[in-house]
Amino acid sequence: MSTSRGPRPAGRVALVTGAGGGLGRALVAALEAEGWMVAGATHRGGDFAADLADRAVAERLVERVVARFGRLDLLVPNHAAMGMAPVDAHPVEDWWRIVDTNLSGSFRLARAAAPHLLAAAGSIVFISSEWGVTGWPNASAYAASKAGLIGLTKALARELAPDVRVNVVAPGVIDTPQLQVDADAAGLPLDEMKRRYAAAAPLGRIATPDEIAATVLCLVSPAGAYYTGQVLQPNGGTTMV
Amino acid sequence: MNLRADPAVARGQVALVTGASSGIGRATAQRFAAAGYRVAVNYATNAAAGEALAHRIGGAAFGCDVSDPVAVERMVGAVEAVLGPIDVAVCNAGFYEERPLEEVTDELWDRTLRVLLGGCFHVARAVVPAMRARGSGSIVAVASELALIGGVNVAHYVAAKAALIGLARSLARELAPTIRVNIVAPGAVDTPLLPDRDRGPVYTSTVPLGRIGRPEEIAEAILHVAEAPWTTGALYSPNGGVVIQ
């Protein structure tokens, strides 16, 4: 949380989940730099501690934020659980834990936030993934959850229009600690994993968290005012659809 | 090899169709049987319809709620015992209910995800080991055009169908080259799930082809992608031109 500065978003309040992760920290910093008051929720503790795998948590979290700041203008469900395994070797409970944390957790946040966002003419930016667009081997739970967020975006963009805009960012590979999961699944050192991802992108590198946060910022700035139901794909050109 | 061109080739192959007691699933079971498959007709609750259809098309009926992974494993075992190894699995089971966002309860959300998405995940994890061992197999996920374009009061349904597409695309990559996985995303089709609103001229006048689809037309698409030998990870959307992208 910080106090506001900057003219346009002054007094506007954002809730960002997964705020302790690589992208989450960049999102909080980028929004605060633009003058947003940001409630950053993490599963590790702090003012807005929240484990979104717990189904009762989303509603309480939104209530806490509104109680503290008096309003909610932007929801960025950025928390995610990641895990990789072949579909027939993936423990069923773990498969559903990933889907429920990422997709159901984001849905419950949106459902709880909707009345406040409608009152504030606010916005939702979901965080999907390039893998949600393309699918990915041995990541069926993660990819399904992230693809589901794209569907959820389009449905809510229609349902909450014209007062609330709903968009989704589907980033390519970002340089965050989460890449260790990919490296472990591939049996590669982290640096080699990063090198291979970079080589696969036409732009020849993976993204920085700041670049993805900037895409989110664009969607909630005047430049993004006519976007709703859209999938923005900062991915270095890896996927072109 | 185009199996469809020669029904004799397909004869003896086994297709499992979930949610086959009515609508698109029923038409799909009939179409596969006509193409020479022995068809496992899955139903959740309507045993009479499932049994009658299975009897009529020379298949066998299997009652099972696809949201239950243990029950699905048991069903797949039973299908293989009764009909033989499964060559094609059509993940079609679903239901459709419109509800504004604030009225989508946790129960409805979970049930939608467990049936529409879980139905395919549970079937895939049950059929994949034997398909892999035999060196071939085909899975078709039945999604919806709404997964592509969204809709009002259907956030739960659209999210589940979109997640199903993500699952199928992942499986297409993961299981290649042995098992092909494709998606059929129908538009509004004349089934018991279709709201009356979509049968009238107000809706059909917005469909470029001027009408809703017939279940048989979707069944034809499902059979085609199930058998198309160089097609995997594809999304085929018979929708009368509602989605052109």
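Residues numbered from 1 in each chain as written. Chains lettered and ligands numbered in written order. Predicted model: local features only at pLDDT ≥ 70, side-chain atom pairs only at ≥ 80, totals over all residues.

Undergrad: Just give me the short version of the overall build of chain A, but keep the residues and values in it.
TA: Scanning chain A from terminus to terminus reveals eight helices and six strands. Mapped in sequence order, the helices and strands of chain A form the string β-α-β-α-β-α-β-α-α-β-α-α-α-β. Taking 2.2 N^0.38 as the reference for a compact globule, 241 residues should give roughly 18 Å; the C-alpha atoms of chain A span a radius of gyration of 17 Å, in line with that estimate. When the backbone C-alpha atoms are referred to their principal axes, chain A occupies close to 50 × 40 × 35 Å. Out of the 241 residues belonging to chain A, those deemed buried represent 54%. Partitioning the intrachain contacts of chain A with sequence separation of at least 6 by distance along the chain shows that 73% fall at a separation of at least 24. (Helix = DSSP H or I, 4+ residues; strand = E, 2+ residues; numbered from the N terminus. Rg over C-alpha atoms; globule rule 2.2 N^0.38 Å. Buried ≥ 20, exposed ≤ 12 C-beta atoms within 10 Å, placed from the backbone. Contact = placed C-beta atoms within 7 Å.)

Undergrad: Explain the packing of helix α4 (residues 69-82) of chain B against helix α5 (residues 106-134) of chain B residue by residue, including any values.
TA: All names here are of chain B. Closest axis-to-axis distance for the α4/α5 pair is 8 Å, and the angle between their directions is 40°. On the basis of their axis angle, the class for α4 and α5 is oblique. Note that α4 runs across α5; the crossing there is right-handed. Here α4 contributes Pro 69, Val 72, Glu 73, Val 76 and Glu 80 to the contact with α5, which in turn contributes His 122, Val 123, Ala 126, Val 127 and Ala 130. The residue makeup of the contact of α4 with α5, split by class, is seven nonpolar, one polar and two charged. (Axes fitted to C-alpha atoms, helices over the stretch in contact; angles between N-to-C directions. Parallel < 35°, antiparallel > 145°, perpendicular 65-115°, else oblique. Left-handed = near helix turned anticlockwise from the far one by under 90°. Nonpolar A, V, L, I, M, F, W, Y, C, P; charged D, E, K, R; others polar.)

Undergrad: Describe the interface of chain B and chain A, and please don't skip the residues or the numbers.
TA: On the side of chain A, 36 residues touch chain B, which itself brings 37 residues to the contact. At the level of secondary structure, the elements contributing two or more residues to the side of chain B that touches chain A comprise α5, α6 (146-149) and α7 (155-175) of chain B. Tallied by class, residues from the side of chain B that touches chain A come to 24 nonpolar, six polar and seven charged.

Undergrad: Talk me through the packing of helix α3 (residues 92-120) of chain A against helix α5 (residues 140-159) of chain A; I want residue IDs and the actual numbers.
TA: Residue and element names in this part refer to chain A. Relative orientation of the contacting elements α3 and α5 amounts to 20°, with a least axis distance of 8 Å. Considering their axes alone, α3 and α5 lie roughly parallel with respect to each other. As α3 runs across α5, the sense of the crossing is right-handed. On α5, the residues that touch Trp 95, Ile 98, Val 99, Asn 102, Leu 103, Ser 106, Phe 107 and Ala 110 of α3 are Ala 141, Tyr 142, Ala 144, Ser 145, Lys 146, Gly 148, Leu 149, Leu 152 and Leu 156. Its residues placed into classes, the contact of α3 with α5 shows twelve nonpolar, four polar and one charged.

Undergrad: Any details on the sheet that holds strand β3 (residues 60-63) of chain B? Residues and values, ideally.
TA: Residue and element names in this part refer to chain B. A sheet is described by the order of its strands in space; here seven strands give the open sequence β3-β2-β1-β4-β5-β6-β7, paired in parallel fashion. Single-partner strands in this sheet number two, and they are β3 and β7 (235-236). One ladder, built from six bridges, connects strand β5 (residues 137-142) with strand β6 (residues 179-184); its direction is parallel. Following the sheet pairing, Ser 138 is matched in β6 by Arg 180. Across the sheet, α4 touches β1 (14-17), β2 (38-43) and β3, and the angle it forms with β3 is around 165°. (Pairing = 2+ DSSP bridges.)

Undergrad: Would you mind going over the nonpolar core in detail, with residue names and values included?
TA: Core analysis: the largest hydrophobic core is formed by 164 residues, its most contacted members being Val41(B), Val90(B), Leu164(B) and Ile222(B). Of the domains in this structure, domain 1 (13-172 + 208-232) and domain 2 (174-206) of chain A are the two that each give at least three residues to this core. (Core = buried A, V, L, I, M, F, W, Y, C linked by C-beta atoms within 7 Å. Domains from an automatic or database assignment.)

Undergrad: For the domain arrangement of chain A, give the residues involved together with the corresponding values.
TA: All names here are of chain A. Annotation of chain A at the domain level lists domain 1 (13-172 + 208-232) and domain 2 (174-206). Distance from the C-alpha centre of domain 1 to the C-alpha centre of domain 2: 23 Å. If you look at the interface, domain 1 gives eleven residues, while domain 2 gives eight residues. For the side of domain 1 that touches domain 2, the secondary structure elements donating two or more residues are α1 (22-33) and α8 (209-219). Tallied by class, the residues present in the side of domain 1 that touches domain 2 amount to six nonpolar, five polar and no charged.

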